[in-house]
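# Observations on the three-dimensional arrangement
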Amino acid sequence: MSASQKQPFLNKERRRILYAFLAGIVLFIVGEMVRPGFASPSGIRAILVVASFVGIVAAGQTFVILIGGIDLSVPWVLNAGAILMVTSSLGHDARAIPALALTLGMGAAVGALNGAGVALLGIPAVVMTLAMNGIMQGLTLGLSGGMTCTSCGAYAPPVVQAAVHQSFLGLPIVLWIWIAIIIVVSFLLAMTRFGRMTYTVGNNARASHLAGIHVSGVTIVLYALSGFFSALAGIMLVGFGGQAALGMGDPYLFQSIAAVVIGGVYILGGRGHYLGSVAGAISLTVLVSVLLAFNMPDYGRSIVYGIVILALLLLYGREEDSA
Amino acid sequence: MPLPETILAASGPRRSRLSHALTQNIGLALVVALLIACVILYCVLYIVTQHRLPGGFELTSTLNNTMPLAFAALAQTLVVLTRGIDLSVGGVIDLTNAVAALTLMGGPVSTTLWTIAILGIGALCGLLNGVLVAIGRLQPILVTLSTLSIFQGIAIRILPQPGGAMPPGFTGVLANPNVPLSLIYIPIIGILWAIFRRTPLGVAVFAIGNDAMAASSHGISVKRTTILAYMLGGVASACAGLFLAANATAGDATTGDTYTLTSIVAAVLGGVSLFGGRGSGLGALFGAFVTVMVVNILFFAHIDPLYQTFYEGLFLLAAVIAANVIGQIVRRRR
């Protein structure tokens, strides 16, 4: 890519976001053909609610992948967040606010520890977040007695359940929350000093350091944000299902990474937008729903899922030819 | 950021051969020290809780439990050395394990032929990964994340329920429950690795892991080397699937899943650098033994099994941090 070349409006990155959205729309049409009513307003709304959980996790994953990192601790930070939410609120609305603050604070603190390990101790992100996933899994299982504790069966506060299920101006409140997150995250990345620092660190951490950017500070904040969004997704999920369960975070690791990548965020960092991850989250969720509409068994979905991701990557995720 | 070994070796005064060999293989030296510490701690805990020395049974079961992970770690190492990562290790193990459960039931000849065919399946899986990475020009982590999903799906299609039975001869060779026969696989892996390291392919794998551009300008085909490394990794994963089936004396299309992450843990503990070009298969083998010994230690220390992953995670972090610090001190002293 030469700098003198005039950038068309639909540059490579924007095209990828467009493709990811188009893939989602095509899948909606396929679904409507297989099962009429699939793409009805209520059908679309139901799929978008499920997509929002992936999308919220993907927000955090986008932040860390933009600096060439990765967060493998998503499953058990999410699960710990869900369990902490129900056990600290015990289903009372009066306790909802402190429980929310506690849960989100836990997520951010765990994420910050990830960031500190990566930035200050020089541990590879894969190892740091993998170990943190194990640590959170052990703590969650141990402290909850394997989900046998008396408060573990508590329900999410009605307020939180209402936030997922009730509608406001025709849209479920959880989608309004997601829209707010999309606006805030996109603004943060595109318009602020913090966003520009994130892209700079992702492109070249050493040059950023020499240019006076506090690289470890940025890294810690980004991982903290990832932990925050994982915990938030955990809260949303207990609001959706009412109760917490063990293993509820497991699907979100693969899906969040896939969503980010399908949305055109470069896995080695420095390029991409959260809007792309949003498109990826929606496309993936529609894909799963379509496969369910085909009555495809588990193993078939697993195979098709992998093939579709590979096909999308081969379409537009290839590296420049260096040889 | 540590300087490449070659620059340091050229600049400093020459030390004795032993000291030189130690600093060149600091990762391997550290994992051996770690393994010895683990074995001692294990023996102490065993004597305290069981009031006798661990015997042949403990040795045999530890060996048999470790061999699948050892091969998985070897598979991971081959790919990580090229500056890649193989998340499909668990999927290949699932797939080969499932095929083994369905096919290994005839006589010795048929069992041998099917064993070779299963290794071929592993090579094919690796070929798919390698081609997508090298010729498809996709990032290894994304390719193998996708193929993991595909391999897991095929494995469940082949073997929906755990089952099948392993012929006694097969189990007797790969995971003999009575005698610590698996001991012989340690020198075999060591010798094979030493040979591999000296073949043109082995040299090329390390070269492209250190600097693909430089390797390419020295006439090494990066694409061919990458594909072959993934294929060898696939064969090693298939070995892991076979050893797992032999040890469980049955097949299961999901028990392999955990090996994706534990193979990374074992390789990292064994001194393999995730940034490529640094590490050894022997280190990964010892890393696998350390990983299994830690679980044994936690068991005999009467740690609540619910907390097991907590201590494993802490241990992994502590080991990586300690290796970083010691590595830096050793390099600075030269």
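The name an unreviewed UniProt entry gives chain B is ABC transporter permease, with Acidisoma cellulosilyticum as the organism. The Subcellular location (unreviewed entry) field of the UniProt record for chain B holds the comment "Cell membrane".

In the nomenclature of an unreviewed UniProt entry, chain A is known as ABC transporter permease of Acidisoma cellulosilyticum.

### Focus: the overall build of chain B
Tallying secondary structure elements over chain B gives 15 helices and zero strands in all. Relative to a compact globule of 334 residues, whose C-alpha radius of gyration would be 20 Å, chain B shows 20 Å and is just as compact. If one aligns the C-alpha atoms of chain B with their principal axes, the spans along those axes are about 60 × 55 × 35 Å. Of all intrachain contacts in chain B linking residues separated by at least 6 positions in sequence, the fraction that spans at least 24 positions is 79%. Put simply, chain B shows about 14900 Å² of open surface, and 71% of that area lies on carbon and sulfur atoms.

### Overview of the packing of helix 9 (residues 185–198) of chain B against helix 14 (residues 281–300) of chain B
All names here are of chain B. Their axes nearest at 9 Å, the elements helix 9 and helix 14 cross at an angle of 155°. One way to sum up the angle between helix 9 and helix 14 is to call them roughly antiparallel. Contact with helix 9, carried on its side by Ile186, Ile189, Gly190 and Trp193, involves Gly281, Leu282, Leu285 and Phe289 of helix 14 and no other residues of that element. Residues of the contact of helix 9 with helix 14, tallied by class, amount to six nonpolar, two polar and no charged.

### Details of unusual backbone geometry
Residues and elements named next belong to chain B. Positive phi outside glycine occurs at His51, with the angle close to 60°. By secondary structure assignment, the location of His51 is in the loop between helix 3 (26–50) and helix 4 (56–81). The exposure class assigned to His51 is exposed, which follows from its relative accessible area of 67%. We note that Arg83 has phi near 70°; this positive angle belongs to a residue other than glycine. Note on placement: Arg83 falls in the loop between helix 4 and helix 5 (89–103).

### A short note on helix 12 (residues 274–293) of chain A
Residues and elements named next belong to chain A. Relative to the 28 Å expected for 20 residues at 1.5 Å per residue, helix 12 spans 29 Å between its end C-alpha atoms, a close match to the ideal helical length. For helix 12, a buried count of 17 out of 20 residues is recorded, marking the element as mostly surrounded by other parts of the structure. Asn295 sits one or two residues past helix 12 and shows a positive phi near 60°.

### Details of the packing of helix 9 of chain B against helix 10 (residues 200–210) of chain B
The relative placement of two packed helices is expressed as an angle between their axes plus a distance between the axes. Residue and element names in this part refer to chain B. Remark: helix 9 packs on helix 10, axes separated minimally by 4 Å, with the N-to-C direction vectors making an angle of 75°. Judged by the angle between their axes, helix 9 and helix 10 are roughly perpendicular. Where helix 9 abuts helix 10, its residues Trp193, Phe196, Arg197 and Arg198 lie against Pro200, Leu201, Gly202, Val203, Val205 and Phe206. For the contact of helix 9 with helix 10, the class distribution of residues is seven nonpolar, one polar and two charged.

### Overview of the interface of chain A and chain B
Each partner contributes residues to the interface: chain A has 41 residues there, and chain B has 37 residues. Buried surface at the junction of chain A and chain B, summed over both partners, amounts to about 3500 Å²; 77% is from carbon and sulfur atoms. Its largest share of buried area at the contact with chain B, chain A owes to Leu130, Tyr299 and Leu310 of chain A, together 16% of the area lost on that side. On inspection of chain A and its partner chain B, the count reaches zero salt bridges. At the junction of chain A with chain B, the criterion picks out five residue pairs in polar contact (both at pLDDT 80 or more).

Calculation notes
- Residues numbered from 1 in each chain as written.
- Chains lettered and ligands numbered in written order.
- Predicted model: local features only at pLDDT ≥ 70, side-chain atom pairs only at ≥ 80, totals over all residues.
- Heavy atoms only, no water.
- UniProt positions renumbered as here; feature names shortened; annotations may be inferred.
- Helix = DSSP H or I, 4+ residues; strand = E, 2+ residues; numbered from the N terminus.
- Rg over C-alpha atoms; globule rule 2.2 N^0.38 Å.
- Contact = heavy atoms within 4.5 Å.
- Areas by Shrake-Rupley, 256 points an atom, 1.4 Å probe, with all protein chains shown as cover.
- Axes fitted to C-alpha atoms, helices over the stretch in contact; angles between N-to-C directions.
- Parallel < 35°, antiparallel > 145°, perpendicular 65-115°, else oblique.
- Nonpolar A, V, L, I, M, F, W, Y, C, P; charged D, E, K, R; others polar.
- Buried < 20%, exposed > 50% of the residue type's maximum accessible area, 1.4 Å probe, protein only.
- Expected span 1.5 Å × (residues − 1).
- Buried area = accessible area lost by both parts, 1.4 Å probe.
- Salt bridge = Lys/Arg side-chain N within 4 Å of Asp/Glu carboxyl O.
- Polar contact = N/O pair within 3.5 Å; in protein donor to acceptor, adjacent residues only side chain to side chain.

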